[in-house]
Each structure stands twice: as C-alpha cells, then as structure tokens.
Amino acid sequence: MSAPADPARGSAAGGAPVLSTAGLQIAFSGRSGRAAARAVDGVDLEIGAGEIVALVGESGCGKSTLARALLGLVRPTAGAVSFHGRGLVYRPRDLKAFRRRVQLVLQDPTGALNPRHTVYDAVAEGRRIHTGSTADERDHVAEALSRAGLRPPERFFLRYPHELSGGQRQRVAIAGALILQPEVIVADEPVASLDASVRGEILQLLLRLRDDYGLAALVVTHDLGLAWNIADRAAVMYLGRVVETGTVEEVLAAPRHPYTRALLSVLPESSAGEQQILAGEPPDPTRIPAGCRFHVRCPVLASGAAQAAGVADRCRSEDPGMLGGSPGVAQVACHWAHAPEPEPAEWAGPG
Amino acid sequence: MKQSTPAGATGERPAPATADAGGRYLEVDDLSVSYRTAGGEIPAVRGVSFGLEPGRKLGVAGESGCGKSTVALALLRLLPRSARTSGSVLLDGEDVLAMRWGRLRAVRWSGASIVFQGAMHALNPVQRVGGQIAEPLLVHGRADPAQARGQAAELLEQVGLPAWRARSYPHELSGGQRQRAMIAMALACRPQLIVADEPTTALDVMIQAQILRLIDELVAGLDISMLMISHDLSVLAETCDRLAVMYAGRIVEEGPAEEVFAAARHPYGAALSAAFPRVGDPASRRAPRGLPGDPPDPAELPSGCAFHPRCPEAQERCSRVDPLLWPAGADRSAACVRVLTPEQERAAGVPPADEGGGADRGHTAEPDPDGAAPAQARPHPQEWS
C-alpha cells in the first residue's frame, strides 16, 4: 500500500500552507530570577494541504510545546502562528472557529476519553460545542466512527471506553476529531501507547484519511520509524529549534545534520553503520549553549572533523540560524554540513 | 483445563542441537501461571519452557497481556497472592518455586535480581540513591554500613554515574540516570542472572542506546545471564542472543535473535517483526504494517491455535489443532502447523492441510497418512481420527 502522495505534496508545495509558524518563540519564565526556559526558540514550519509532516525529537526538545502553539493553546512569546496565511487571533470566539478546523489527537486515548461517556457522547461532544445537538447528529457520529475504522458504527455507540481495546479507543479519539471535518489534525505521539501490531493499523488510518479526505497532519513523535512509515516531510528538532528539515527521504535516508545522523545510528537494527551514542542528555532549555546549540555534544566537532573542515570556531561561537519552513527545500542548520570541502573521511558515522 | 498441553508438554521444547547438559544457570520448565479472579481462574502463562546459559542474553517479546511480565515475576516468585503457579524454575539447579521462604530471600538479589521498567516507581522516592543501592548488601550481610557505602559508590561509577550521585534522591535524576541507578542496585549482590523487564521503554532513543550499551558491557564483563523482556522486538533483536516471542501465554517462536527478527517462522512473529519499520527500507516507506484485531481475552481463548482468528495464514485445521513448539529449522522452533513436514505431521498426529485454504506450503497434496491414528495423544484427537 504505497500510496502515491505526490499529488498532495505538489499542491502543498504550490499552494499556500494551511498551518504555519514564523519565527515562533515560546519561553516559560523562570521562577525567582532564574532564566526563562526557551522551549521553542525560533521555528518556521509549514504544513501544506493534505500533507503529513513529522516533527521529530527527544523529550524536552520543545516539540509538544510547538504543537500546542499550533493549536492556539499557548501564546507565542514572539513570532506567529498562521492559518491559511492569517495570524491567529487569541480571542475566544476566533479560537473556537479555528479549533473546529484544526483538531488535536493525544497520545493516551485512555486519558483523553471520559470513562463515563459512551463512545457516542465522546464523539458527538465536539460537534455539540460548535453546532449544538442537531437532528442529524447520529448520522455525523456514525460517519465519523466509520471513517475512523469502527464499523459498523452503531455497534460502538453505547460502549464505554473500558470495553474497548487500546486501538479502538484511539480510533474513538480520532473519530472525535474527524466529526468536525477539520483540515488539519495535530497528533502528539498518536501511537506511542499502543502495541506494535495495533500501531500499524492506526498509522494506516492516518494515511487513508489523508488519501481519501485530504486531511493534513502534523505528527509529533520521538519515533523515526513512524516518520518513515507515514510522513511526507520531517523536521528534526533539538533544544527548541528545527535543525534539519526536508522530505522524509532526504532527512532520514540522507541525513546531513550530525544530530539526525546520531539519532538514526542508534535505532535498533539500524543499517546506518557504527552507532554514534551521544553522551549525556540534551542541555536544559534555560541554558542553551552559545554558537551552535548542539556543539557541546556534537560528534563531528569532537572528532576533529569540524576542525578539519575549518568550521570548528564557528560551531562554538556562531549560531547557524533558523531554518525556513517551506517545503521543497532540504535544509540543515550546521556549519560543518555547509562547509565547502567534501565530507572528511574521518567521519565514520552513518551516511 | 490444564491448557491442553499434552502429557509430554515438556517435550514442547525440542531439544536444541546446542543444548549442553546442565550448563544452564536458569531452566524454566512448563511454567504456567493463572490468576484467581471473581470470574474464575484466568490463565496468564500456559506452559512456557526455556533455558539460559551463563553469559547469554535471552529476549522475551510480546504485546500487552501476552504473559511476558508474569513470566519475569514468576522467576523470583514476585507474583501476587492471587496467582497460582505450576511447573519449575531451576536457578542453578534449585527450584525457585519449591524454595522455603528464607532460601528465597537469600536467592533474590544475590542469585537473580530484577530491573523494572520506569525506575521512578521502583525506587523509593524518599531515600537517597546510595542508601537504596547499599540496602541489599546490608540485608544480605555482605558488608557493614561503611563498606556498603563504598561499594554503592563503586557501583554507581560502574553504571556511568558519578559517585556523588549516591547522595541524590530519585527525583533529582533524569529517567536514564534512574535506570542506571536501578541497574547498579541489581548488580549490588553480584547475581548471576538479571531479569530486565522493559528496561528502556520510557526512555528516548539516545538514552535507550546508552542504557543498552551499558547492559551489554556489564553482561559481557561480569559473565552474567540476562533475561530481557520487552514489547520492542527490534531492541531485543539488537541486544539479545536468542529471542522468544510470546502470544496468549505461550512461547510461539524461539530461535537466534537476528534470525527470528529477520525471518520469523510463526505468522505472529512475522507480523510483530513487520510492525517495526526499518528506516531507509523502501518496503516500509509509506506502508505501516499492523495486524487486524486484538489479542484474545485470556478468559476466552479461541479453540485450536490461539492466534488463528487473527492469523493471515490460517488454515481450516488451525481452529482444531493447538500447535506445540515444533522444530522449525536449525536451532529454531515455532508453534505453527505450517512448519511441519508431512512426516512430522504424521508423527505429531496433526491433520494434513488439504482441506484448508493454506496453499502456501512447499509440499501440497501429500497422499493421506495411511489412516494412521495419531501415535501420541494430542490435543483433540477424536476430532480428526
């Protein structure tokens, strides 16, 4: 089932993005004089119509904060979130209209569903908020459930979450998003709490929703395999910034940023050559290193390859800057990757 | 019903060619565990057998509810009171399930120790890490308090944490650091076996890689055995020597880790393996693979092979034959009728596949076994004799 996604991609590259950020920054102020945590520190990201974008990163990199900002749940400290080219207006009425068209799917469906609500109520709730209870509500609920793969839908109407399997609960949560016929869904680790055999089924559903209804998605995940499975484009985030972006093939099959390469090399059963296990953990977002934010852990700098390429000083002192979010151009925020020399042979990593 | 494991169920494990008599530190034989509930007795583990040599790593893979964690807990008799266990768990020749309480306490930590998932819940939040690592040493009378403190510091360094971390509380450590502390604790009494239940599940990929490398070095350096339990087949394939895949309380496939991951013989093993995408492999690009349906309710297991309702390769006979772990190639076994040759089918008393839809067998339309009644009693012989 290799769905050709190119029509969707084409339209995304040609037309205006549906949902985008420009220079987005979100800082959480520190208590009692401590430095603010720059959770999102300058991100341009675009999601085109019918496009699936994977936002990949480790815990604490700011990916979930970025997702929340895209839903209007957090107000940016600087920069903006735009929907169809128009900046979000943070007034309750405007946000309500916006959230009808951009829906959220959470990681843990058990926590997201009210245990005392039937499946019918859980799915109908969002629509009731926006249009009230209408005579055709039942049809809409049935349609949303069957689009989410719960067929025949009537069989599920009166079930409670505890009577369903994990995969079925996630389908109910997705149906709850679909009933409003959104243009984009933002899914934060949509399959992380599911068993492997069920995970594939839910990912197939996301692909099918895109193919059949042109539903765009931003999938926030730590799982590179998930990005390879369903996304058109990938953005790799490290410490508040997108450090590499491009098509999934570009980013995951021909990575250029040392961080992306290291992440790929440590995947179990990776074919990407020798493991590059980075020592320690990412620094805390209250203390983002100067220069390239990755330089303190960068294996290329540590190995001397950056020195050989003549960029080591810049790595330590010069911020490689923010990447543009537009599709169609692979980009990497790394001095070494942009260095004119051919890749030095000392780099024994994946590639 | 004693889960239809026939009288000779111990023979379920085909003696592997490499089996060295008595060389195993751990030998689990026909282990079954059921939980007593208001609704009756629910089987969680149904006749599991495996062994582990010193210095070797066995991975047990499976999804939620397959019984893999119950196996881990049963090895050290850590199950709740509602559990009923049968079979045997020989640890260095001694049956853990038959041990007296005092002996069991001595074996825990020093003979075999366990590393749990999510060290946040396994560590005591109001006690400093160093004290927790020293505790088993003190309880087992291996050291006086001053020595125990010194050893705790050494253990922390051995797992890659600075010695001053002994003074930290668990909440002051990151997830990866807590898991390292947990491993230090498990190593404290120099056990010969470590049972690791989902040791890296809640961790990021990079931290996971750090922990797996640490485990690898420790197991190799200290020549201990390890049983690693995980839902992540790819992690186990990378880390372990051998791999057992569990489904509905049984081991359905067993063999060298790489081979099982790359080319499983049991359809469930194959589906589980395919569910882990290989980044860079065009075959899994835009093609997430899963398995329709859900694992069976252990209280209402399907007839025959417990996997047959979800099995993409199911044949008509699968609803009647409860398959055993049969030899499936060199040093491998699988609990699926499809791995049998016609001769083996006859010997095992399994009906041939001619009536089913399974056209994918190498040898089709074999002349019927000359009416031979199954030599040994097998699950439901009356149904096909």
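If you're wondering where the values come from, they're calculated on a predicted model, not measured in any experiment. (Residues numbered from 1 in each chain as written. Chains lettered and ligands numbered in written order. Predicted model: local features only at pLDDT ≥ 70, side-chain atom pairs only at ≥ 80, totals over all residues. Heavy atoms only, no water.)

Participant: Can you explain the pairing of strand β8 (residues 216-221) of chain A? Please cite residues and give values.
Facilitator: All names here are of chain A. Burial runs high along β8: 6 of the 6 residues are buried. Residues Ala 216, Leu 218 and Val 220 of β8 are buried on one face, and the alternating residues Ala 217, Val 219 and Thr 221, pointing to the opposite face, are buried as well. As paired elements, strand β3 (residues 52-56) and β8 share 5 bridges and run parallel to each other. When the bridges of β8 are listed, Leu 55 appears paired with Val 220. In the classification by handedness, the crossover that spans strand β7 (residues 184-188), the intervening helix α8 (residues 196-213) and the parallel β8 is right-handed. (Buried < 20%, exposed > 50% of the residue type's maximum accessible area, 1.4 Å probe, protein only. Helix = DSSP H or I, 4+ residues; strand = E, 2+ residues; numbered from the N terminus. Pairing = 2+ DSSP bridges. Right-handed = clockwise from strand over helix to strand, strands pointing away.)

Participant: If you had to explain the sheet that holds strand β8 (residues 225-230) of chain B to someone new, which residues and values would you point to?
Facilitator: All names here are of chain B. With mixed pairing, 8 strands are arranged side by side in an open sheet as β6-β7-β8-β3-β9-β10-β12-β11. Here the strands that pair on one side only, and so sit at the sheet edges, are β6 (112-115) and β11 (326-327). Bridging between strand β7 (residues 193-197) and β8 involves 5 bridges; their strand directions are parallel. Within β8, the residue paired with Leu 193 across the bridge is Ser 225. Here helix α1 (residues 68-75) sits on the sheet in contact with β3 (57-61), β6, β7, β8 and β9 (242-247), set at roughly 150° to β8. With respect to the sheet, helix α7 (residues 205-222) is in contact with β3 and β8, its orientation differing from that of β8 by roughly 155°. (Contact = heavy atoms within 4.5 Å. Axes fitted to C-alpha atoms, helices over the stretch in contact; angles between N-to-C directions.)

Participant: Which residues make up helix α4 (residues 129-139) of chain B, and what values do they have?
Facilitator: Residues and elements named next belong to chain B. Taken residue by residue, α4 has Val 129, Gly 130, Gln 132, Ile 133, Ala 134, Pro 136 and Leu 137 as its buried positions. Its buried side turned inward, α4 meets α2 (101-110), α5 (145-158) and α6 (175-187). Phi for Gly 141, located one or two positions after α4, is positive at around 65°.

Participant: Help me get a handle on the sheet that holds strand β9 (residues 233-238) of chain A, residues and values and all.
Facilitator: All names here are of chain A. Across the sheet, 7 strands lie side by side as β6-β7-β8-β3-β9-β10-β11; this open sheet has mixed pairing. What marks the edges here is a single partner per strand, and that holds for β6 (102-105) and β11 (331-332). Relative to strand β10 (residues 241-247), β9 is paired through 6 bridges, and the arrangement is antiparallel. Bridge pairing in β10 places Tyr 238 opposite Arg 241. The sheet strands contacting helix α2 (residues 63-70) are β3, β6, β7, β8 and β9, and the helix crosses β8 at an angle near 155°.

Participant: With reference to specific residues and values, describe the packing of aromatic side chains.
Facilitator: Taken as a whole and judged by the stated rule, the model has 8 aromatic pairs over all chains. Judged by centre distance (5.3 Å) and plane angle (80°), the rings of Phe83(A) and Phe98(A) are edge-to-face. With Phe83(A) in strand β4 (residues 78-83) and Phe98(A) in helix α3 (residues 92-101), the pair connects residues that are 15 residues apart, well separated along the chain. By relative accessible area, Phe83(A) is classed as buried at 9%. Between Tyr259(A) and Phe294(A) the ring centres are 5.3 Å apart and the planes differ by 65°, which places this aromatic pair in the edge-to-face class. With Tyr259(A) in helix α11 (residues 258-265) and Phe294(A) in the loop between α11 and α12 (299-302), the pair connects residues that are 35 residues apart, well separated along the chain. Grouping aromatic residues by their ring pairs yields a cluster made of Tyr238(A), Tyr259(A) and Phe294(A). For Arg147(A), the ring lying beneath its charged end belongs to Tyr213(A), and the centroid distance is 3.7 Å. Lying over the aromatic face of Trp228(A), Arg285(B) brings its terminal NZ or CZ to 5.4 Å of the ring centre. (Phe/Tyr/Trp six-rings, centres within 6.5 Å; stacked < 30°, edge-to-face > 60°. Lys NZ or Arg CZ within 6 Å of the ring centre and 35° of its normal.)

Participant: Which residues make up the interface of chain A and chain B, and what values go with them?
Facilitator: At the junction of the two partners, chain A supplies 50 residues and chain B supplies 39 residues. Taken over both partners, the interface formed by chain A and chain B buries close to 3600 Å², and the fraction arising from carbon and sulfur atoms is 52%. For chain A, the biggest contributors to the area lost against chain B are Ser197(A), Trp228(A) and Glu269(A); these three give 21% of the whole. Inspection of the chain A/chain B interface yields 2 salt bridges. A salt bridge links Arg286(B) to Asp232(A), with the nearest nitrogen and oxygen atoms 2.8 Å apart. Our enumeration of links across chain A and chain B arrives at 22 residue pairs in polar contact (both at pLDDT 80 or more). At the level of secondary structure, the elements contributing two or more residues to the side of chain A that touches chain B comprise α8, α9 (224-230), α10 (248-253) and α11 of chain A. It is α8(A) that provides the largest number of residues to the side of chain A that touches chain B, a total of 10 residues. Residue composition of the side of chain A that touches chain B, by class: 24 nonpolar, 15 polar and 11 charged. (Buried area = accessible area lost by both parts, 1.4 Å probe. Salt bridge = Lys/Arg side-chain N within 4 Å of Asp/Glu carboxyl O. Polar contact = N/O pair within 3.5 Å; in protein donor to acceptor, adjacent residues only side chain to side chain. Nonpolar A, V, L, I, M, F, W, Y, C, P; charged D, E, K, R; others polar.)

Participant: Tell me about the packing of helix α5 (residues 119-131) of chain A against helix α7 (residues 166-178) of chain A, and please be specific about residues and values.
Facilitator: All names here are of chain A. Close contact between α5 and α7 brings their axes to 7 Å; oriented N to C, the two are set at 30°. It follows that α5 is roughly parallel to α7 by the angle criterion. The hand of the α5/α7 crossing is right-handed. The segment α5 lies against α7, with Val 119, Ala 122 and Val 123 engaging Val 172, Ala 175 and Gly 176. (Parallel < 35°, antiparallel > 145°, perpendicular 65-115°, else oblique. Left-handed = near helix turned anticlockwise from the far one by under 90°.)

Participant: Can you explain the pattern of salt bridges? Please cite residues and give values.
Facilitator: Residue and element names in this part refer to chain A. Enumeration over the complete set of coordinates arrives at 34 salt bridges over all chains. Its salt-bridge partner being Arg 38, residue Asp 41 comes within 3.2 Å of it at the nearest N-O pair. For Asp 41, a relative accessible area of 7% gives the class buried. Among the residues examined, Arg 38 registers a relative accessible area of 34% and is labelled partly exposed.

Participant: Describe a nonpolar patch on the surface, with residues and values.
Facilitator: Residue and element names in this part refer to chain A. A grouping of Leu 73, Leu 104 and Leu 106 is seen on the molecular surface, where their side chains present a nonpolar patch of about 230 Å² in accessible area. Along the chain, Leu 73 turns up in the loop between α2 and β4. Among the residues examined, Leu 73 registers a relative accessible area of 41% and is labelled partly exposed. (Patch = residues over 30% accessible without salt bridge, like charges linked within 9 Å, V, L, I, M, F, W, Y side chains within 5 Å. Areas by Shrake-Rupley, 256 points an atom, 1.4 Å probe, with all protein chains shown as cover.)

Participant: For the side chain of Asp197(B), give the residues involved together with the corresponding values.
Facilitator: Residue and element names in this part refer to chain B. Inspection of the secondary structure puts Asp 197 in strand β7. With no salt bridge to any partner, buried Asp 197 finds its closest opposite charge in Lys 68, at an N-O distance of 6.4 Å. With residues near it in sequence (within four places) discarded, Asp 197 still touches Ser 69, Val 115, Phe 116, Gln 117 and Ile 229. (Lys, Arg positive; Asp, Glu negative; His and termini not counted.)

Participant: Pulling in residues and values, what's your account of the nonpolar core?
Facilitator: By size, the foremost hydrophobic cluster in this structure holds 100 residues, and its most contacted members are Leu26(B), Phe50(B), Ile183(B), Leu227(B) and Met228(B). In contact with Met228(B), other than residues within four places in its own chain, are Leu58(B), Gly59(B), Val60(B), Ala196(B), Pro199(B), Leu212(B), Ile215(B), Val235(B), Leu236(B), Thr239(B) and Cys240(B). Of all hydrophobic cores here, the second largest spans 81 residues; its members include Val56(A), Ala144(A), Leu205(A) and Leu226(A). (Core = buried A, V, L, I, M, F, W, Y, C linked by side-chain atoms within 4.5 Å.)

Participant: Before we move on, could you go through the confidence of the model for chain B and cite the residues and values that matter?
Facilitator: Residue and element names in this part refer to chain B. Per-residue pLDDT for chain B averages 84, and the proportion of residues at 70 or more is 85%. When the criterion is pLDDT under 50, residues 1-21 qualifies, and its contacts beyond four places in sequence or with other chains add up to 34 contacts. Long-range and interchain partners of residues 356-385, a stretch whose pLDDT sits below 50, account for 41 contacts in this model, where long-range means more than four residues apart. In the predicted assembly, ipTM is 0.86 and pTM is 0.86. (pLDDT = per-residue confidence, 0-100.)

Participant: Break down unusual backbone geometry for me, with residues and values.
Facilitator: For the peptide bond that leads from Arg151(A) to Pro152(A), omega is -10°, which places it in the cis range. Position of Pro152(A) relative to the elements: it lies in the loop between α6 (137-147) and α7. Phi angles above zero are rare outside glycine, and Trp109(B) is one such case at about 75°. Considering the arrangement of structural elements, one finds Trp109(B) in helix α2. Here Asp223(B), not a glycine, exhibits a phi torsion of approximately 55°, which is positive.

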